[in-house]
Amino acid sequence: MSYIKLTMNDTRGFHKVVVDVRGRELIVTGKPGVWSWDLVNPGTAALLEIPRFEPRMDVLDLGCGTGLIGTLAGLMAPHGQVTLVDCNAVAVASASRTLEANDVANAQVRLGDGVEELDPGSFDLVLSHLPRGRAVQRQLIRGAARVLRPGGRFLFVASTHVGVKGCVTYARDLFGRCGVVRRKKGYHVAMTVRPEGMEPPPPVEMYARRSLVVDGAEVTLVSKPGVFAWDRLDGGTERLVDVMAIDPADRVLDLGCGTGLAGLAAARRAPRGEVVLVDSDLRAVRSARRTLEVNRVSNADVVLSDGVSQVVDDQAFDVVISNPPFHQGREVDYQVAHQFVRDARRVLRPEGRLFVVANRFIGYDDLMREAFGNASVAYADRSYHVLTATA
């Protein structure tokens, strides 16, 4: 598989890549925030070498990312129906653009957590590049078993670094058999078939409650695997909450809110104000909403958004707080954090304040000075530092 990187194709940060897959030139569209947005992952490349497509086959691309897998399926099964699913709103936007760029008319992209709202026994083929995290991997494997027709095939790929052997074992226990059919650059592609008479596994409620102390008060966290720090108060968020300066009537934006703990603390500090929490991951948005609801926080709202794209008003906030991501898979990628800093400058009122927490080795100082004209260290220890800037 070869590819040629092209220039950015619109002002919202989406990029195009032309790739050669099974003798077809495909245009793939992606942007920071989507896994493997700027290249074709070797595991995905290996997965795409295997499937046998039939013209009327119904195919599911489970965890579609940029939409490369689903696009190829749509072109090679032109009289079937292809469904692409992802829990990340940025991935859904990327995949939609990828389908459109390749004139794929028999495919649809859905925002969803796994196979929710998909009919049992409705697909002939499920393809998936499994992410890290055993609980999430097992959720997707169970989901594939649920939506496959009897005799339908499930092909998945995962890296040896994220436990692909465990995935194969789990799929074998569930389906009765599963084997590796391809190995390439540290990735294993495995295949299994849903047997006749197999009862589809029921969906499992994965959201769980935990009691934590945040900002000196006991709170209940409601979250699930797949969301960053889903079962704890991570150290960076704890430092951010300790340092952020919020007045009782402030309007606050929690940019990349995750489970919502920092936004919850901000809402309690601003009882006469308002807090807006945003995240591009559906699971994070649902976690934050559940967390706010169970803690009876009424002055906060959670919005599914790519950065501030769904925050309508410019210069609408007194404070922006963020614990931005800096990983895409196993790779370090700071571009989402860079977008967050630029977004913060756009939505802060004059004299508004930004607080960003990061691992000590990550320096956002220059970027913040470029966007704001100033930056300073509000807190630092061996592991983290909190940087601040004023609009």
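What comes next is a walk through the structure. (Residues numbered from 1 in each chain as written. Predicted model: local features only at pLDDT ≥ 70, side-chain atom pairs only at ≥ 80, totals over all residues. Heavy atoms only, no water.)

**Examining the side chain of Ser280**
You can see Ser280 is positioned in the loop between strand E14 (274-279) and helix H8 (282-294). Among the polar contacts listed, one links the side chain of Ser280 to the side chain of Asn88, at a separation of 3.5 Å. Ignoring any residue separated from it by four or fewer positions in sequence, one finds Ser280 in contact with Cys87, Asn88, Ala89, Val90, Leu304, Ser305 and Asp306. (Helix = DSSP H or I, 4+ residues; strand = E, 2+ residues; numbered from the N terminus. Polar contact = N/O pair within 3.5 Å; in protein donor to acceptor, adjacent residues only side chain to side chain. Contact = heavy atoms within 4.5 Å.)

**Remarks on the pattern of salt bridges**
All chains considered together, the criterion is met by 17 salt bridges. The salt bridge involving Glu117 is made with Arg110; its shortest N-O contact spans 3.8 Å. A salt bridge links Arg251 to Glu274; the nearest nitrogen and oxygen atoms lie 2.9 Å apart. With a gap of 23 residues between them, Arg251 in strand E13 (residues 251-255) and Glu274 in strand E14 connect regions that are remote in the sequence. Bridged by salt links that share partners, the residues Glu49, Arg182 and Lys184 form one connected network. (Salt bridge = Lys/Arg side-chain N within 4 Å of Asp/Glu carboxyl O.)

**Description of the sheet that holds strand E21 (residues 384-390)**
Here 7 strands make up an open sheet; going across it, the order is E15-E14-E13-E16-E19-E21-E20 and the pairing mixed. A strand with exactly one partner marks an edge of an open sheet, and here the two such strands are strand E15 (300-304) and strand E20 (376-380). With strand direction ignored, the average angle separating the axes of adjacent strands in the sheet is 20°. As paired strands, E13 and strand E16 (residues 317-322) are joined by 3 bridges and run parallel to one another. Along E16, the bridge assignment pairs Val252 with Val319. Each of E13, E16 and strand E19 (348-359) is contacted by helix H9 (residues 335-347), which is oriented at about 160° to E19, the strand it contacts most. (Pairing = 2+ DSSP bridges. Axes fitted to C-alpha atoms, helices over the stretch in contact; angles between N-to-C directions.)

**Some thoughts on the pairing of strand E12 (residues 217-223)**
Pairing of strand E11 (residues 208-214) with E12, which is carried by 7 bridges, proceeds in the antiparallel orientation. Looking at E12, one finds that Ser211 is bridged to Thr220. With antiparallel pairing between neighbouring strands as the criterion, E11 and E12 make up a hairpin whose turn holds 2 residues, including Asp215 at a positive phi of roughly 55°.

**Quick notes on the sheet that holds strand E6 (residues 107-111)**
Strand order in the open sheet formed by 7 strands is E6-E5-E4-E7-E8-E10-E9, with mixed pairing between adjacent strands. If you trace the sheet from one side to the other, it starts and ends with E6 and strand E9 (179-184), each paired once. With direction set aside, neighbouring strand axes in the sheet form an average angle of 15°. As paired strands, strand E8 (residues 148-159) and strand E10 (residues 187-193) are joined by 7 bridges and run antiparallel to one another. From the neighbouring strand, Val157 faces E10, where its bridge partner is Val189. Running over the sheet, helix H4 (residues 134-147) touches strand E4 (59-62), strand E7 (123-129) and E8 and is turned about 160° from E8. Helix-sheet contacts for helix H5 (residues 164-175) involve E8, E9 and E10, and the interaxial angle to E8 is about 165°.

**Here we look at the side chain of Asn102**
Examined against the element boundaries, Asn102 turns out to sit in the loop between helix H3 (89-101) and E6. Taking relative accessible area as the criterion, Asn102 reaches 11% and is therefore assigned buried. Of note is the side chain of Asn102, whose polar atom sits 2.6 Å from the backbone oxygen of Ile27. One polar contact links the side chain of Asn102 to the main-chain carbonyl oxygen of Thr98, over a distance of 2.7 Å. In this structure, Asn102 is in contact with Glu25, Leu26, Ile27, Thr71 and Leu75, ignoring residues within four places of it in sequence. (Buried < 20%, exposed > 50% of the residue type's maximum accessible area, 1.4 Å probe, protein only.)

**A closer look at the packing of aromatic side chains**
Per the counting criterion, the structure on display carries 2 aromatic pairs. Ring centres 5.1 Å apart and planes at 40° place the aromatic pair Phe154 and Phe156 in the tilted group. Here the two residues Phe154 and Phe156 agree in accessibility, since each one is buried. In this structure an aromatic cluster arises from ring pairing among Phe154, Phe156 and Phe175. Above the face of the Phe14 ring, Lys31 is positioned so that its terminal group lies 5.2 Å from the ring centre. Directly above the aromatic system of Phe14 lies the positively charged group of Arg97, at a separation of 3.9 Å from the ring centroid. (Phe/Tyr/Trp six-rings, centres within 6.5 Å; stacked < 30°, edge-to-face > 60°. Lys NZ or Arg CZ within 6 Å of the ring centre and 35° of its normal.)

**Concerning unusual backbone geometry**
The phi torsion at Asp103 lies on the positive side, around 55°, for a residue other than glycine. Along the polypeptide, Asp103 turns up in the loop between H3 and E6. Unusually for a residue other than glycine, Glu117 sits at a positive phi of about 65°. Tracing the backbone through its elements, the reader meets Glu117 in the loop between E6 and E7. Assessed through its relative accessible area of 67%, Glu117 is described here as exposed.

**Examining the state of the cysteines**
Using the criterion set out here, one finds 0 disulfides in the structure. Left unpaired, Cys64 is separated from the closest cysteine sulfur, that of Cys87, by 9.4 Å. Judged by relative accessible area, which is 6%, Cys64 ranks as buried. In this structure Cys167 is a free cysteine whose sulfur lies 9.2 Å from that of Cys178, the closest cysteine sulfur available. (Disulfide = S-S within 2.5 Å.)

**Things to note about helix H2 (residues 68-76)**
Counted residue by residue, H2 has 7 buried out of 9 residues, so it is predominantly covered. Those residues of H2 lying buried are Leu68, Ile69, Gly70, Thr71, Leu72, Ala73 and Gly74.

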